[in-house]
Amino acid sequence: MIVCPNCKHQEADGAIFCSECGMQLIQYTPGDTHRFDSATGQLDEVPVPEPHVQAPAWISLHLLESGQILPISDRMEFTMGRVSENQPIMPDIDLSPFKAFDNGVSRLHAVIRNNAGNIVIMDLGSSNGTYINGTRIVPNIEQPLRHGDIVALGKLKMQVVLS
Amino acid sequence: MPPKRPDFYAMLGLLRSATQEEIKRAYYKIAKRLHPDTNQAPGETELFLEVQQAYQVLSDPARRSAYDATLGPEEMTLPEVVEKRILLSRKEIARLPESQLLYVLVDVLPTEQQKQALSGVPLNLCLVLDCSTSMKGERLDTVKASAVQIIRQLKPQDIFSVIAFNDRAEVIIPATRHQGNTHRLETRIQMLQTGGGTEIFKGLQAGFDEIRRYANPNTVSHIILLTDGRTYGDEPQCYELAKQSAEAGIGISGLGIGSGWNDIFLDQLVSYTGGTAMYVSQPKDIERLLNEKFANLTQIFAENVVLDFQSTPGVSVSYAFRLQPETAPLNKQSPIPLGPILRDWPLSVLMEFLIQPVSAGQDEVELINGKLEIASAALQTAFTSVPVRLTVPVKDTISPEPPPASLVQALSKLTLYRLQEKARAEVESGNYEKATQHLQKMATHLLAQGERSMAKTIMLEIENIEREKKFSESGDKQIKYGTRALLLPGERKR
């Protein structure tokens, strides 16, 4: 059984599209994502930043499951989500290499902003919600983030590392 | 080396596994063509006698088995006439305690050798024209102009007839070879007048009677029905006639003009013969669509391909759709008329199989075991079947290989078409909220794919359904045939 991540409709195994909402159900393998990157040439920089960044990162996201660390330095505000074929939505950080689809991350899930040193997170009306240390936050309202907080987008957990 | 004996099976265009029923059918088809009363070329009477001898042996089980014993191991007695290309969404299926889906994309095309040998096949065409009051004015004028254009494109050996119908039918041009004298035919067309209601069965029956006089396995016989109205009460008779036509090797296509005609009826009617129904939104499109249809008929390699198979327990066809040459939904029960193969345009069919849980000891699942029956005037044998057997291995764990891109692409469009079908059924049953939700999803996907005008049509229709609690007269057809047109593979789209 496959459950459509978009509308929760149940499809028989082997289905390629959801019969209720038309969404493509085949998951993106890393190979797929790579192909997409080279086609557009835009997405390479964001998910895996260069190891030798000039400006020091003001925030890093430590993905708990994969152990990978995403440092952010070049922008003061970034959206997180998952790039999906057939959808024109482009989050600043594409989490699809980190099983975003399995973990219920929305295509445009949340935004993190640096308001002159005050770092906040806002849920963008995601389907599965955003959690800080296990507490679900109200959508579209900014919540402060502290060093060491565990943020979960759906089930995808990451620790906030501020510097 | 043993002396070369005539192979009775090859003579009838059959496989050695042919059933008695198939032998009988093949014999009748060939005998009709070769019978001394109808044959044309010298030597055909001798051929007829040989075929008769073959039939006498094969139709008698005792003599047949005696004959079979004299044959060596089966070689491919049939020349390869078509090539099949089959793509599966998964190369193997998982051993699961639940049911699963598998998609199969089948392409059938003539072999290069057959394509080279293909020569012009005479056409036996009948136009059945709706001349009810509603056709008055621009509609009938365009129909007349288009009919005349077709007459001018006919070759001397082609047979042509025209029926006009309203609440009764009239033979305007009886089926005949016009032999270059087209002027008289054009005058008759120009004199058509409108009046009365729409009784499609009367028109079809008259058309069938005309076309049948020249219908034989060496011509491409086809009825094109043009209508702008609904027929009431005679639908079952029409379906019955369509089945008869299919049996006689006569194809039926439909052109629905404007918004008042019954698309469900027309789709159903043409599906029996593997034909297509087309939607004509404006009178000026009649000319283009009719000419296109005519061009396709002159390009025909096989008039119809029928997929005949035994159903395997636990496996069923849950959806079938023809992607090309002309897009149309197909029946799900065997035998399935798949439709024509054109010379340069393969037949392409997408099927969805529903597979019930696989039992522990089973290591493969049989999807199809049957044959493709190819009815073709262009081929030498009157009746050709190509065996098809498709199995997939069952594995405990399956490789996560993604399905072929072309299959996914076709399926993405087909999913939208099926959403539209759902929405229509929901409006029918009064579930307006669900219907508009489905249409909304369709519109979103279409926008993302850059199909703006189609998306806009759907958005307007959503408003209409919310207000009127039903589809608008033209909206349902625009959406149905519009999404269908999206399914045509890229290079053929206009």
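Residues numbered from 1 in each chain as written. Chains lettered and ligands numbered in written order. Predicted model: local features only at pLDDT ≥ 70, side-chain atom pairs only at ≥ 80, totals over all residues. Heavy atoms only, no water.

### Considering the interface of chain A and chain B
Then step 1. Opposite the 18 residues of chain A that make contact, chain B presents 22 residues.
Then step 2. Summed over both partners, the interface of chain A with chain B comes to about 1700 Å²; 58% of that surface belongs to carbon and sulfur atoms.
Then step 3. Ranking the residues of chain A by area buried against chain B places Asp-13, Phe-17 and Glu-20 of chain A at the top, with a combined share of 32%.
Then step 4. Between the two partners, chain A and chain B, sit three salt bridges. (Contact = heavy atoms within 4.5 Å. Buried area = accessible area lost by both parts, 1.4 Å probe. Salt bridge = Lys/Arg side-chain N within 4 Å of Asp/Glu carboxyl O.)

### With respect to the nonpolar core
Residues and elements named next belong to chain B.
Then step 1. Residues Leu-307, Leu-338, Val-365 and Leu-367 are the most contacted members of the largest nonpolar core, which totals 39 residues.
Then step 2. Contributions of two or more residues to this core are made by strand S1 (82–88), strand S3 (100–110), strand S10 (300–310), strand S11 (315–324), strand S13 (336–342), strand S14 (347–355), strand S15 (364–375) and strand S16 (384–395).
Then step 3. If we skip the residues at most four places from it in the chain, Val-365 touches Ile-93, Val-315, Ile-355, Val-358, Leu-390, Thr-391, Val-392 and Val-394.
Then step 4. Core analysis: the second largest hydrophobic core is formed by 38 residues, Cys-131, Val-220, Val-280 and Leu-342 among them. (Core = buried A, V, L, I, M, F, W, Y, C linked by side-chain atoms within 4.5 Å. Buried < 20%, exposed > 50% of the residue type's maximum accessible area, 1.4 Å probe, protein only. Helix = DSSP H or I, 4+ residues; strand = E, 2+ residues; numbered from the N terminus.)

### Concerning the sheet that holds strand S8 (residues 118–123) of chain A
Residues and elements named next belong to chain A.
Then step 1. Strands sit in the order S6-S5-S7-S8-S11 across an open sheet of five strands; the sheet is mixed. The open sheet terminates on both sides in strands that have one partner only, identified here as strand S6 (93–94) and strand S11 (143–144).
Then step 2. Judged from the six bridges that link them, strand S7 (residues 108–115) and S8 form a sheet pairing that is antiparallel. Bridging across to S8, Asn-114 finds its partner in Ile-119. (Pairing = 2+ DSSP bridges.)

### As for the sheet that holds strand S10 (residues 135–136) of chain A
Then step 1. As summarised here, the arrangement of the six strands in space is S4-S3-S13-S12-S9-S10 (chain A), forming an open sheet in which the pairing is antiparallel. Bordering the open sheet on either side are strand S4 (69–72) and S10 of chain A, each of which pairs with just one other strand.

### A short note on the environment of Gln-153 of chain B
All names here are of chain B.
Then step 1. Following the sequence through the fold, Gln-153 ends up in helix H6 (residues 138–153).
Then step 2. Between the C-alpha atom of Gln-153 and that of Phe-294, which follows or precedes it by 141 residues, the distance is 9.1 Å.
Then step 3. For Gln-153, the contacting residues outside a window of four places in its chain are Asn-291 and Phe-294.
Then step 4. Polar side-chain contacts of Gln-153 include one of 2.9 Å to the side chain of Asn-291. (Polar contact = N/O pair within 3.5 Å; in protein donor to acceptor, adjacent residues only side chain to side chain.)

### Section: the pattern of salt bridges
Residue and element names in this part refer to chain B.
Then step 1. Counted under the stated rule, the structure contains 33 salt bridges over all chains.
Then step 2. A salt bridge links Arg-25 to Glu-373, with the shortest nitrogen-to-oxygen separation between them at 3.8 Å. You can see Arg-25 sitting in helix H2 (residues 20–34) and its partner Glu-373 sitting in strand S15, a full 348 residues away along the chain.

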